[in-house]
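Remarks on the overall topology
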Amino acid sequence: MTQKNSASIDIGSYRNLFWIGLLTLASVVLSGKFACATPFAALATLAALDVQRRDGLLLVGAVWLANQIVGFMVLNYPHEPQAYAWGIAIGVGAVAAYLCARWTLQALAPVNAILAAVAAFAVAFGAYEGVLYAFGVAMPGSGGFSAEIVSQIATINVVAFAVLLVLHRIAVAVGAIPRNLIEGRSSATVA
């Protein structure tokens, strides 16, 4: 019988933290580039593919916070109640996207991991946009939802998801982070 040394270093945890940091950095870059169109659905789906629930929520929270800091401190979002309320709505939408992506992965990964990842992304995007739409309807004077805008945000999310999956694959190849569900990790690991 061997005991695990409580002082031992869990390399997997450090790799997950590295990935959380990398996605948070990506969020900062994407926030600066796309401002209000940061691809939260893509980031939330990647979090659902890669890490346990607690770390995924941490990742989504870190990405959201980084986005808000860039918005208010760099892009000069107005410091007014409506802007703060939209920030909260974006955070709620990002968490909803993450939780819906996890649920979809858990339901479909045993059948087909690639199908599960694509479906998780679609569900995450729908959840994120659904929260923002509901908030927009409830908030007076909050226009901005049109097929053109949602299509543009969908395109940004699809491209970001694809690019981040490629970057993930490179990071796995060099040993910086563990494999995710579509790269061969078992669906039990995602639970």
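Cut-off values and rules
- The numbers attached to residues start from 1 for each chain and follow its sequence in the written order.
- For this predicted model, a pLDDT threshold of at least 70 governs which residues receive local features, and a threshold of 80 or more governs which side-chain atom pairs are given and counted, while totals over whole chains, interfaces and linings are taken from all residues.
- Side-chain figures throughout are based on the complete set of non-hydrogen atoms in the structure, without hydrogens or water.
- The secondary structure listing takes helices from DSSP runs of H or I that are at least 4 residues long and strands from runs of E that are at least 2 residues long, numbered from the N terminus.
- When accessible area is computed with a 1.4 Å probe and restricted to protein chains, residues below 20% of their type maximum are described as buried, those above 50% as exposed, and intermediate ones as partly exposed.
- Per-residue accessibility takes into account occlusion by the displayed protein chains alone, with areas from the Shrake-Rupley method and a 1.4 Å probe.
- Scored from 0 to 100, pLDDT records how confident the predictor is in each individual residue.
- Contacts are residue-level and defined by heavy atoms, with any inter-residue pair within 4.5 Å sufficient.
- Think of each axis as a best-fit line through the C-alpha atoms, taken over the contacting stretch in the case of a helix, with angles from 0 to 180 degrees between the N-to-C directions.
- Each angle receives one of four descriptions, namely roughly parallel if under 35 degrees, roughly antiparallel if over 145, roughly perpendicular if within 65 to 115, and oblique otherwise.
- A crossing counts as left-handed when the near helix is turned anticlockwise from the far one by less than a right angle, and as right-handed when that turn is clockwise.
- Under the convention adopted here, Pro, Cys and the residues Ala, Val, Leu, Ile, Met, Phe, Trp and Tyr are nonpolar, Asp, Glu, Lys and Arg are charged, and Gly plus all remaining residues are polar.
- Polar contacts, as counted here, are pairs of nitrogen or oxygen atoms within 3.5 Å of one another; within protein the pair requires one atom able to donate a hydrogen and one able to accept it, and residues that are adjacent in sequence qualify only if both atoms are side-chain atoms.
- Helix span, as expected, comes to 1.5 Å for every residue beyond the first.
- Two rings belonging to Phe, Tyr or Trp (six-membered ring only in the last case) form a pair when the distance between their centres is within 6.5 Å. Interplanar angles under 30 degrees mark stacking, angles over 60 mark edge-to-face geometry, and anything in between is tilted.

Side note on the overall build of the protein
Regarding its fold elements, the protein presents seven helices and zero strands. When its helices and strands are written in sequence order, the protein yields α-α-α-α-α-α-α. When burial is assessed residue by residue, the protein has 43% of its 191 residues classed as buried. Put simply, the protein shows about 10000 Å² of open surface, and 69% of that area lies on carbon and sulfur atoms.

Considerations on the confidence of the model for the protein
Overall, the prediction assigns the protein a mean pLDDT of 81, with 78% of residues at 70 or greater. Here helix α7 (residues 187-190) is the element of the protein with the lowest mean pLDDT, 46, and helix α4 (residues 81-108) is the one with the highest, 94. For the stretch residues 186-191, pLDDT sits under 50, and the model shows 14 contacts to residues farther than four places along the chain or on other chains.

What about the packing of helix α3 (residues 53-74) against α4?
Here α3 crosses α4 at 155°, and the two axes come no closer than 10 Å. Relative to α4, the element α3 is oriented roughly antiparallel. For α3 against α4, the interelement crossing comes out right-handed. Of α4, the residues touching α3 (which contributes Arg53, Gly56, Leu57, Val60, Trp64, Gln68 and Phe72) are Ala83, Tyr84, Gly87, Ile90, Gly91, Ala94, Val95, Tyr98, Leu99 and Arg102. A breakdown of the residues in the contact of α3 with α4 according to their chemical character gives eleven nonpolar, four polar and two charged.

Remarks on the side chain of aspartate 55
Along the chain, aspartate 55 falls in helix α3. On the basis of relative accessible area, aspartate 55 is assigned to the buried category, the value being 11%. In this structure the side chain of aspartate 55 is engaged in a polar contact, spanning 3.0 Å, whose partner is the side chain of arginine 54.

So, the side chain of asparagine 157
Along the chain, asparagine 157 falls in helix α6 (residues 147-173). For asparagine 157, a relative accessible area of 0% translates into the label buried. A distance of 2.9 Å separates a polar side-chain atom of asparagine 157 from the backbone oxygen of isoleucine 153. When residues no more than four places from it in sequence are discounted, the contact partners of asparagine 157 are Pro39, Phe40, Ala41, Ala42, Phe121 and Phe125.

Quick word on helix α5 (residues 113-138)
The periodicity of an α-helix, 3.6 residues per turn, causes residues three or four positions apart to be oriented the same way. Taking 1.5 Å of rise per residue, the 26 residues of α5 would be expected to cover 38 Å, and the 37 Å separating its terminal C-alpha atoms lies within 8% of that figure. Of the residues flanking the start of α5, the one acting as N-cap is asparagine 112, its side-chain oxygen 3.0 Å from the backbone nitrogen of isoleucine 114.

Considerations on the packing of aromatic side chains
Inspection of the entire model under this criterion finds five aromatic pairs. Centroid distance phenylalanine 72 to tyrosine 77: 5.5 Å. Interplanar angle 75°. Geometry classified as edge-to-face. Each member of the pair, phenylalanine 72 as well as tyrosine 77, carries the same accessibility label: buried. Here phenylalanine 121 and phenylalanine 161 contribute two aromatic rings whose centre-to-centre distance is 4.8 Å and whose plane-to-plane angle is 10°, an arrangement assigned as stacked. One end of the pair, phenylalanine 121, is in helix α5; the other, phenylalanine 161, is in helix α6, and 40 residues separate them in sequence. Neither phenylalanine 121 nor phenylalanine 161 differs from the other in exposure class; each is buried. Aromatic rings pair up to connect Phe72, Tyr77 and Tyr84 into one cluster.

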